[in-house]
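The primary structure of each chain is shown beneath.
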Amino acid sequence: MAAGAASGGSATTDTYKEARTWLLMPAWVTLSFLILAPVLLMLVYSFLTKEFRGGVVWEFSLSAYDQFFFDRGLFGDEPAKIEWTYITIFWRSIWQAGAATLLSFLIGFPTAYFIATQPERVRPMWVFLITIPYWVNLLIRTVSMKFLLRDQGPLNDFLISTGLIDSPLHIVNTNFAVQLGLFYSYLPFMVLPIYAAVERYNFTLSEAAADLYATKMTILRRVLLPAVKPGVIAGCILVFVPSMGSFLAPDLLGGAKNFMIGSLIEEQFKGNAGNWPFGAAASMILLTMVLIILLIFARQQAKAEKET
């Protein structure tokens, strides 16, 4: 085999072919117990009946899904009407995640481009500076942001002391605060994939476009963005998906009026007052939506790779 490789032939022999199944066994066991089994358990729970004192009764029904989409009155004997409360929460989660993704892209793309165009010896330092705040637990970072944005927090104190405002800005418990929380939580997940894509970009393409009198905006739109599109799509997935199911930022920064689907699901599994089947059904609806979005992104990714 070594002789074949030395003479220019392609060595395609798989040394570990016989042991491949056994080598993959730990990965399959881990995925089955930590990912597949919990999802299947949630799927089963979503079709069960709520027990009055918490937990579930092993009687299969569609009542949890019916509760999510339809309102049948307090005693369940009224004509079905669309339950806009949970649908609104779901829609809020989508647009909050979408807005966080857009904001992360607008900030993350220039940041990634800046890092990728620095001398190679200083790039690791910039990546280190981007990621070091995220070595701290997400809960601690979110609480710290709440302290920063509160009415008597450092931000308002600074703005008042400089005379820019006369009274504190009420930022906490608003959609804007949730946006900041999501953006701050997942920004590196946008920067790093784009940085990796820009680092592989052939900058002579931009020089050639400039020689043909293309403007900087045209080069960005027609040359650079299509070339790094796979990195952009990967970053959007890594920001959008966890933002959809986030509950720390909405709970701590948004309050009760800015509930997202992750907060709704979390509430259903708290104590004896929760509704486990309804929480499981909401989880399955969220999972289905995420899978649809991932399929769309995957098709875009495959299309982008074919174009490049």
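Anything mentioned here points back to the structure above.
What counts and what doesn't
- Residues numbered from 1 in each chain as written.
- Predicted model: local features only at pLDDT ≥ 70, side-chain atom pairs only at ≥ 80, totals over all residues.
- Heavy atoms only, no water.
- Helix = DSSP H or I, 4+ residues; strand = E, 2+ residues; numbered from the N terminus.
- Rg over C-alpha atoms; globule rule 2.2 N^0.38 Å.
- Contact = heavy atoms within 4.5 Å.
- Areas by Shrake-Rupley, 256 points an atom, 1.4 Å probe, with all protein chains shown as cover.
- Lys, Arg positive; Asp, Glu negative; His and termini not counted.
- Charge placed at Lys NZ, Arg CZ, Asp CG, Glu CD.
- Salt bridge = Lys/Arg side-chain N within 4 Å of Asp/Glu carboxyl O.
- Buried < 20%, exposed > 50% of the residue type's maximum accessible area, 1.4 Å probe, protein only.
- Core = buried A, V, L, I, M, F, W, Y, C linked by side-chain atoms within 4.5 Å.

Asker: Sorry, what's going on with the overall build of the protein here?
Answerer: Per the secondary structure count, the protein includes 14 helices and four strands. A globule of 308 residues ought to have a C-alpha radius of gyration of about 19 Å, yet the protein, at 25 Å, is considerably larger. For the protein, the C-alpha atoms occupy an extent of roughly 75 × 70 × 35 Å along the three principal directions. Taking all contacts inside the protein whose residues are at least 6 apart in sequence as the whole, residues at least 24 apart take part in 62%. For the protein, the exposed surface amounts to about 19000 Å²; the carbon and sulfur share of it is 68%. In the protein, which carries 22 positive and 21 negative side-chain charges, the distance between the mean positions of the two groups comes to 6 Å.

Asker: It is not clear to me how the pattern of salt bridges should be interpreted in this structure. Could you clarify?
Answerer: For side chains bearing opposite charge, pairing can occur when the charged atoms are close. Tallied over the full model, the rule gives two salt bridges. Measuring nitrogen to oxygen at the nearest pair gives 2.8 Å for the salt bridge that ties R72 to D66. With a closest N to O distance of 3.1 Å, R123 and E199 form a salt bridge. With R123 in helix α5 (residues 123-131) and E199 in helix α8 (residues 175-199), the pair connects residues that are 76 residues apart, well separated along the chain. According to the relative accessible area criterion, R123 is buried, its value standing at 16%. Classification of E199 as partly exposed rests on a relative accessible area of 38%.

Asker: How do you make sense of the nonpolar core when you look at a structure like this?
Answerer: Note on soluble globular proteins: their nonpolar side chains tend to be buried together. Grouped together as the largest cluster of nonpolar side chains are 25 residues, with contacts concentrated most on F109, L182, I194, V228 and V232. Listing elements by their share of this core, those giving two or more residues are α4 (84-116), α8 and α11 (229-244). The biggest single contributor to this core is α8, with 11 residues. Every residue in contact with V232, bar those within four places of it in the chain, is listed here: F105, F109, M190 and I194.

Asker: It is not clear to me how unusual backbone geometry should be interpreted in this structure. Could you clarify?
Answerer: Phi is mostly negative for residues that are not glycine, and the peptide bonds are mostly trans. In this structure, N173 is a non-glycine residue whose phi angle is positive, near 65 degrees. Phi is positive for Y213, which is not a glycine, with a value near 70 degrees. Position of Y213 relative to the elements: it lies in the loop between α9 (204-211) and α10 (216-227). Overall, the relative accessible area of 76% leaves Y213 in the exposed class.

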